[in-house]
Amino acid sequence: MGKIAYVFPGQGAQAVGMGKDAYDSHDGARAVFERSDHALGFPLTKIIFEGPEEELKMTYNTQPALLTASMAYLKVFEARGIKPDYAAGHSLGEYSALVAAGAMSFEDAVRTVRARGQFMEQAVPGGQGAMAAVLGAEREALGRLCDVISERIGVVELANVNCPGQIVVSGSKEGVQAVIEQGKEIGAKRVIPLDVSGPFHSSLMKPAAEQLSGVLAGIAMNPPAVPVVANVTALPETDPERIKHLLVEQVYSPVLWEDSISWLISQGVDTFIEIGSGTVLAGLIKKVNRNVKVHSINSLEAAEKFVL
């Protein structure tokens, strides 16, 4: 029997109504939503279930909303009695992984990611930053192109190394635009501008990271019960202070998702269980390695009917 990893989605996976099926018919899941509202001091659950989508898409709402939905489905899924060997999450999803592994309390995590969203939103004035997905380019070639553009035109950096052939770049509007225009020269098949509110996971986010550092300093972090693979290092981290440090760094560093999944597979993980809204991570993991099993627990039915 191979090993199991729980993985948790990040921004972009949100959908109005996510988790409502669990809320309506599972006491534990309902309690998660209620705890979230209580911790934040406003009815986030109403925005999650009713929208409008524009409101849910605000970074400072999206982040606690996705964390809440993931933890609600985890609550239902836990009854299956399956224990993971590892956990990981994509960007914001790293907080879900840490809560699932018992490293931080759900309330602390919800309040932290709400603040994280606010800091990220404020770090760069609207319209000055951008992100784009680059399809079909080699990582090294894209990295070199970004270096050249950063020197000559404007900051642009690798933000999410998602899977072979899919890398997101982030930075100044001018820098990202230059990648859109020059991507073909390094073999990119397409470069697609993303509908985001800021240049996440780029050095332009350092002001947000500094503010987040202040919030995390006051939060209790425990050694996780199972190793949580960090986005920044693509390696398991268990030291509470180191985890906090990497969560700060994560705001302005690339998310090494492909490397994280490759490392987990190298440790014998052959089953990934994606817990939360959507199927984004399932798609990325399959592109890293077609032979592993990936299950998406993104509905009450999926959580209740799951068998290994």
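Structure: above.
These notes cover the structure that comes with them. What you see is a predicted model; the values in this text were computed from it and never measured.

Conventions and cut-offs
- Residues numbered from 1 in each chain as written.
- Predicted model: local features only at pLDDT ≥ 70, side-chain atom pairs only at ≥ 80, totals over all residues.
- Heavy atoms only, no water.
- Pairing = 2+ DSSP bridges.
- Helix = DSSP H or I, 4+ residues; strand = E, 2+ residues; numbered from the N terminus.
- Contact = heavy atoms within 4.5 Å.
- Axes fitted to C-alpha atoms, helices over the stretch in contact; angles between N-to-C directions.
- Core = buried A, V, L, I, M, F, W, Y, C linked by side-chain atoms within 4.5 Å.
- Buried < 20%, exposed > 50% of the residue type's maximum accessible area, 1.4 Å probe, protein only.
- Polar contact = N/O pair within 3.5 Å; in protein donor to acceptor, adjacent residues only side chain to side chain.
- Parallel < 35°, antiparallel > 145°, perpendicular 65-115°, else oblique.
- Left-handed = near helix turned anticlockwise from the far one by under 90°.
- Nonpolar A, V, L, I, M, F, W, Y, C, P; charged D, E, K, R; others polar.

With respect to topology, six strands assemble into an open sheet ordered β8-β7-β2-β1-β9-β10, the strand pairing being mixed. Because the sheet does not close on itself, it has two edges, and the strands there are β8 (236–237) and β10 (293–297). Alignment of strand β2 (residues 86–89) against strand β7 (residues 228–229), held across two bridges, turns out to be parallel. Within β7, the position partnered with Ala-87 by the bridge is Val-228. Sheet strands in contact with helix α5 (residues 59–77) are β1 (3–8), β9 (269–275) and β10, and its direction is about 120° off that of β9.

Moving on, we get to the nonpolar core. Ranked by size, the top nonpolar core spans 68 residues in total, and within it Tyr-6, Leu-67, Phe-77, Ile-273 and Ile-275 carry the most contacts. Sorting elements by how many residues they give to this core places α5 first, with 10 residues. Leaving out residues up to four positions away in the same chain, Tyr-6 has contacts with Leu-74, Phe-77, Ile-82, Pro-84, Tyr-86, Ala-87, Ala-88, Ile-273 and Ile-275.

Here we take up the sheet that holds strand β4 (residues 156–163). On the basis of which strands lie adjacent, the open sheet formed by four strands has the order β4-β5-β3-β6 and antiparallel pairing. This sheet does not close on itself; its edge strands, each paired only once, are β4 and β6 (190–193). Taking each pair of neighbouring strands and ignoring which way they run, the sheet shows an average axis angle of 25°. Two strands pair when backbone bridges link them, and strand β3 (residues 129–135) and β6 are joined in this way by four bridges, in the antiparallel orientation. If you follow Leu-135 over to β6, its bridge partner there is Arg-190. Together, β4 and β5 (166–172) form the strand contacts of helix α13 (residues 280–288), whose direction differs from that of β4 by roughly 80°.

On to the side chain of His-90, then. One can find His-90 in the loop between β2 and α6 (93–100). A relative accessible area of 10% places His-90 in the buried class. A polar atom in the side chain of His-90 sits 2.8 Å from the side chain of Asn-162. Once residues within four sequence positions are removed from consideration, His-90 is found in contact with Phe-8, Pro-9, Gly-10, Asn-160, Asn-162, Asn-231, Val-255, Trp-257, Leu-281 and Leu-284.

Let us look at the packing of helix α2 (residues 27–40) against α5. With their axes 8 Å apart at the nearest point, α2 and α5 run at an angle of 155° to one another. Taken as axis vectors, α2 and α5 run roughly antiparallel relative to one another. Crossing handedness for the pair α2 and α5: right-handed. On α5, the residues that touch Gly-28, Ala-29, Val-32, Phe-33, Ser-36 and Leu-40 of α2 are Pro-64, Thr-68, Ala-69, Met-71, Ala-72, Lys-75 and Val-76. Residues that form the contact of α2 with α5 fall into these classes: nine nonpolar, three polar and one charged.

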